[in-house]
Structures are given as structure tokens and as C-alpha cells.
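# Chain and residue survey
What follows is the residue order along each chain.
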Amino acid sequence: MDDGIGSEWPATPASALQLLVEGNKRFVAGERLHPHQDADHRAALAPAQRPFAVLFGCSDSRLAAEIIFDRGLGDLFVVRTAGQVVGAEVLGSIEYAVAALDTPLIAVLGHDSCGAIAAAYDAVRHGTTPDGFVRDVVERVMLSVLAVRGQALADADAAVEEHIRYTVDLLVRRSQVIADRLAEGRLGVVGLSYGLAEGTVRRVSGHGV
């Protein structure tokens, strides 16, 4: 299958990651192609979907996956939570894309200036936590912040990168579906960090890619 911009639809984790990287480069350069956003492609997708990547990222409004990776309808299976925290709903959604849709890549997308990371860091430093269910989000991020507490004093993004690594590893540990596909060489899981001002994506960690 052709992806509409001159390359075959990715069948491997590496080729799927390459499509993401190339799309982000176009976005940064202001040369977006807006693939798969026309009426014909919309109609062709109606019977079934076959996304080439799961994009599990933070809910931040500045992290619109199809925009920053220059993709369109049916390309990405997007799952988002504040601070990209993992729960049963997230795992079930990702497992559906991997097992039912045969998606070859999971990309975990974090970013600088993350509010969830900042709130967790404040909780560690000052012993204060938010009210309501926001507290649950902060508590799930806390382990990542604690792991690099000293380093984060000098580098605020240290906790962001640690949380991306932690999330990538957590998906592999908690999901047998993901672990089995990784072992078979049919799936890759990669952690990416997005720079809000620059628009660039940088690899932080990965398995099988």
C-alpha cells in the first residue's frame, strides 16, 4: 500500500518510525504535505483502518500528533492522557491497535514544560498535591520525578526524559501482548521527546526499533 507521498506503507517498526521522523522534519521546515486529508482517502478508509503507528502522548493541546508528524486520516492510532500516564484503558486501547490492527510501532510522546511533571516535582519538593483526580495523575508521574530528583534541580527536562523512558518500559512490562510482539520482531516501542518551541522530536529510548 502506498502512503500517498511516494513510499510504501510501513511493514516494520523501523520503517514506521522513519515515516514519523520524515513527517516531523517537514513540519519543522514549514513544508507539510498534508497527506491523507482529502475526500477520496476519507471514503476509502470507511470500511477499515490500518494505522502504521500508535501515538501515545500527553494530552497537552500543543501536541496534536497528526500535525507535528504531518500525517492524516487513518495514519495514527492516537491515545492521549495528561502526562501520558498509563492505566487499564490506555493499555487496552494500545493492545487493540497492536493485536487487532497489526500496528508495527508504538511511539510514546512526551514534551518539555509538561504541567504534570511540574506538578509532581512541586509535590516532591513542597509536599503539596492537587485536589481531585488531578492528584491521581501527579502520583503516577511521581516515580519518574523521584528517580532523577537531584538531576532535575539543574535540568528541568531530566524528569521529562525519565518519564518517557519509564512509560516505554512500563508498557512492555505490563502488557503481554506488547511483550510477545516485541519478542517476535513484529513491533517496536520508542520514546520521543517533543520541543514545544522548536517543533522537533528527539528519540529518548526504545525497544525493537
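Just above, that's the structure.
Attention in this report is confined to the structure presented alongside it. Remember, it's a predicted structure, so these values are computed and weren't measured experimentally.

## Description of the packing of helix 4 (residues 88-99) against helix 9 (residues 176-184)
Running from N to C, helix 4 and helix 9 cross one another at 35°; their axes reach a closest spacing of 9 Å. Read as a crossing pair, helix 4 and helix 9 show a hand that is left-handed. In contact with Ile 94, Glu 95, Val 98 and Ala 99 of helix 4, helix 9 contributes Gln 176, Val 177, Ile 178 and Arg 181. A breakdown of the residues in the contact of helix 4 with helix 9 according to their chemical character gives 5 nonpolar, 1 polar and 2 charged.

## Quick look at the packing of helix 8 (residues 157-174) against helix 9
Direction vectors running N to C along helix 8 and helix 9 enclose 95°, while the axes themselves pass 5 Å from each other. By the angle between their directions, the pair helix 8 and helix 9 is classed as roughly perpendicular. Here Leu 171, Val 172 and Arg 174 of helix 8 lie close against helix 9, whose contacting residues are Gln 176, Ile 178, Ala 179 and Leu 182. Looking at the contact of helix 8 with helix 9 residue by residue, the classes come out as 5 nonpolar, 1 polar and 1 charged.

## Comments concerning the packing of aromatic side chains
Any aromatic ring pair is given by two values, namely how distant the centres are and how the planes are angled relative to each other. Evaluation of the coordinates by the stated rule reveals 2 aromatic pairs. An angle of 85° between the planes, with centres 5.3 Å apart, marks the rings of Trp 9 and Phe 52 as edge-to-face. With Trp 9 in the segment before helix 1 (13-29) and Phe 52 in the loop between helix 2 (39-45) and strand 1 (53-58), this residue pair connects regions lying 43 residues apart in the sequence. A single burial state applies to Trp 9 and to Phe 52, both of which are buried.

## A few points about helix 5 (residues 115-126)
Its 12 residues give helix 5 an end-to-end C-alpha distance of 16 Å, which sits within 8% of 16 Å, the value for a rise of 1.5 Å per residue. When we look at burial in helix 5, the residues that qualify are Ala 116, Ile 117, Ala 120, Tyr 121, Ala 123 and Val 124. Buried residues in helix 5, looked at end-on, bunch into an arc of 155°, giving them a common side. Directly beyond the C-terminal end of helix 5, a positive phi value near 70° is found at Gly 127.

## Thoughts on helix 4
For helix 4, spanning 12 residues, the distance from its first C-alpha to its last is 16 Å, which sits close to the expected 16 Å at 1.5 Å a residue. What helix 4 keeps buried is the set Val 90, Leu 91, Ile 94, Ala 97 and Val 98. The buried side chains of helix 4 occupy one side of the element, clustering within an arc of 130° when seen end-on. For helix 4, exposure combined with an orientation more than 90 degrees from the buried face picks out Ala 88 and Glu 89.

## Here we look at the sheet that holds strand 2 (residues 76-81)
Within the open sheet, the 5 strands sit side by side as 2-1-3-4-5. Their pairing is mixed. Looking at which strands have only one partner, the edges of the open sheet turn out to be strand 2 and strand 5 (201-207). Taken over all neighbouring pairs, the strand axes of this sheet differ in orientation by 20° on average, direction set aside. Relative to strand 2, strand 1 is paired through 6 bridges, and the arrangement is parallel. Bridge pairing in strand 2 links Ala 53 to Leu 76. Contacts from helix 4 reach strand 1, strand 2 and strand 3 (105-111) within the one sheet, and its direction differs from that of strand 2 by about 170°. The strands that helix 8 touches are strand 1, strand 3, strand 4 (188-194) and strand 5; relative to strand 5, the one it contacts most, it runs at about 35°.

Rules behind the numbers
Residues numbered from 1 in each chain as written. Predicted model: local features only at pLDDT ≥ 70, side-chain atom pairs only at ≥ 80, totals over all residues. Heavy atoms only, no water. Axes fitted to C-alpha atoms, helices over the stretch in contact; angles between N-to-C directions. Helix = DSSP H or I, 4+ residues; strand = E, 2+ residues; numbered from the N terminus. Left-handed = near helix turned anticlockwise from the far one by under 90°. Contact = heavy atoms within 4.5 Å. Nonpolar A, V, L, I, M, F, W, Y, C, P; charged D, E, K, R; others polar. Parallel < 35°, antiparallel > 145°, perpendicular 65-115°, else oblique. Phe/Tyr/Trp six-rings, centres within 6.5 Å; stacked < 30°, edge-to-face > 60°. Buried < 20%, exposed > 50% of the residue type's maximum accessible area, 1.4 Å probe, protein only. Expected span 1.5 Å × (residues − 1). Arc of directions from axis to C-beta. Pairing = 2+ DSSP bridges.

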